Amino acid sequence: MTRGFSSVVGAAMFVAPLLVLVILWAIVVPLFQINPRVFPSLGAVGTAAMDSIRDGTLINHVGASLLRVGLGTLIGVVTAVPLGIAMGVSPAISTFLTPLFRFFSVLAGIAWIPIATLWFGYGFGAIIFVIFNAVFFVVAYNTLLGVSTIPYSLRNAAASLGAGRWALLTQVLLPGALPNIVTGIRTGLGFAWRGLIAAEMIATNVGLGYMLFVARDFYRTEVIVLGMIVIGVLWLLIDRLLLVPLERSTIERWGMVRRA
């Protein structure tokens, strides 16, 4: 009962600043008679939302963006976790790859858009590659940190009990690094969304980034703001309903914190 009440209070505290922002928006724009080309009214954005839902364009844009960010993130995670574990267990691999990681981590994501379009053309492949880059280095580095925090005494104890390489990987290293991996996925997804929107502005003809880019050409600020709201809401839903519970349950599962 207490936990349920605290969850409701926490949700209310989280939503309250957003509601205050909407109220200020509804008051300030008409009060100061702001030009719609500078910033739209709340009603104009609501009308744009209803129109785009009615004709199906918003659903198409959202669906395309979610597919891309999901697939690019999946590829990034699947390739980053094994490499991060290898770096965590092998000082030689870690020493060799660390300078490369430091170099490419600065370039991850948006910086790859120009060359990605040369390699894959304007379309699905280029965007997936950009998202993959945004996720890969963050998840690999967090996996390395997770493996590095596992005490060698625990690894040696598992080996002395007869654990082979596969058992050591699946029962010690991967579970021990899982909280850090989930944290890396959560952080990487944030970078992935930024890379996605930037890539969609120039490398495709459907998606939320493309919707923003086209609306700018026609001075449709209500569509631009609508797109920004949709992007923010989607990220909040993914983060609060999927990633935060996953991170919390993973940390609790492996004993880093205890349930209240």
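Residues numbered from 1 in each chain as written. Predicted model: local features only at pLDDT ≥ 70, side-chain atom pairs only at ≥ 80, totals over all residues. Heavy atoms only, no water.

1. Observations concerning the overall build of the chain
Then, number 1: Within the chain one finds 10 helices and zero strands.
Then, number 2: Starting at the N terminus and walking to the C terminus, you meet the elements of the chain as α-α-α-α-α-α-α-α-α-α.
Then, number 3: With 260 residues in all, the chain has 39% of them scored as buried.
Then, number 4: Per element, the accessible surface of the chain, about 15,000 Å² overall, is 72% carbon and sulfur.
Then, number 5: Computing the positive centroid from 16 side-chain charges and the negative centroid from 8, the chain places the two 14 Å apart. (Helix = DSSP H or I, 4+ residues; strand = E, 2+ residues; numbered from the N terminus. Buried < 20%, exposed > 50% of the residue type's maximum accessible area, 1.4 Å probe, protein only. Areas by Shrake-Rupley, 256 points an atom, 1.4 Å probe, with all protein chains shown as cover. Lys, Arg positive; Asp, Glu negative; His and termini not counted. Charge placed at Lys NZ, Arg CZ, Asp CG, Glu CD.)

2. Things to note about the packing of helix α5 (residues 113-120) against helix α6 (residues 124-148)
Then, number 1: Where α5 contacts α6, the axes come no closer than 8 Å and their chain directions differ by 140°. Of the possible angle classes, the one that applies to α5 and α6 is oblique. Note on packing geometry: the crossing formed by α5 with α6 is right-handed. Between α5, through Ile113, Ala116, Thr117, Trp119 and Phe120, and α6, the contact on the second element is made entirely by Gly125, Ala126, Phe129 and Val130.
Then, number 2: Of the residues contributing to the contact of α5 with α6, the split by class is seven nonpolar, two polar and no charged. (Axes fitted to C-alpha atoms, helices over the stretch in contact; angles between N-to-C directions. Parallel < 35°, antiparallel > 145°, perpendicular 65-115°, else oblique. Left-handed = near helix turned anticlockwise from the far one by under 90°. Contact = heavy atoms within 4.5 Å. Nonpolar A, V, L, I, M, F, W, Y, C, P; charged D, E, K, R; others polar.)

3. Some words on helix α4 (residues 91-107)
Then, number 1: Along its 17 residues, α4 runs 25 Å from first to last C-alpha, staying within 8% of the 24 Å computed at 1.5 Å per residue.
Then, number 2: The sharpest bend along α4 comes to roughly 35°, located at leucine 97, with the proline proline 99 sitting one to four residues further on.
Then, number 3: Listed in full, the buried residues belonging to α4 are Ser94, Leu97 and Phe101.
Then, number 4: Lining the buried residues of α4 we find α3 (57-89) and α6.
Then, number 5: Positioned one or two residues after α4, glycine 109 has a phi angle of 95°, which is positive. (Expected span 1.5 Å × (residues − 1). Bend = angle between axes of the 7 residues up to and from the residue.)

4. Describing the packing of α3 against α6
Then, number 1: Where α3 contacts α6, the two axes come as close as 6 Å, and the packing angle between them is 35°. Between α3 and α6 lies a crossing of right-handed hand.
Then, number 2: For the contact of α3 with α6, the class distribution of residues is 22 nonpolar, seven polar and one charged.

5. Points about the nonpolar core
Then, number 1: Among the nonpolar cores identified, the biggest contains 57 residues, and Trp193 and Leu208 are the most heavily contacted of them.
Then, number 2: Beyond its immediate sequence surroundings of up to four residues, tryptophan 193 is in contact with Ser65, Leu66, Val69, Leu208, Ile231, Leu234, Trp235 and Ile238. (Core = buried A, V, L, I, M, F, W, Y, C linked by side-chain atoms within 4.5 Å.)

6. Re the pattern of salt bridges
Then, number 1: On inspection of all chains with the given rule, the structure shows five salt bridges.
Then, number 2: The residue arginine 54 makes a salt bridge to aspartate 51 at a minimum N-O spacing of 2.9 Å. Of this pair, arginine 54 and aspartate 51 both sit in helix α2 (residues 42-54), three residues apart, which is roughly one turn of the helix.
Then, number 3: With its nearest N and O atoms 2.7 Å apart, the salt bridge here joins glutamate 200 to arginine 68. Of this pair, glutamate 200 sits in helix α8 (residues 165-203) while arginine 68 sits in helix α3, placing them 132 residues apart in sequence. Here glutamate 200 matches arginine 68 in class, with each residue buried. (Salt bridge = Lys/Arg side-chain N within 4 Å of Asp/Glu carboxyl O.)

Don't take any of this as a statement about function, it's just geometry.
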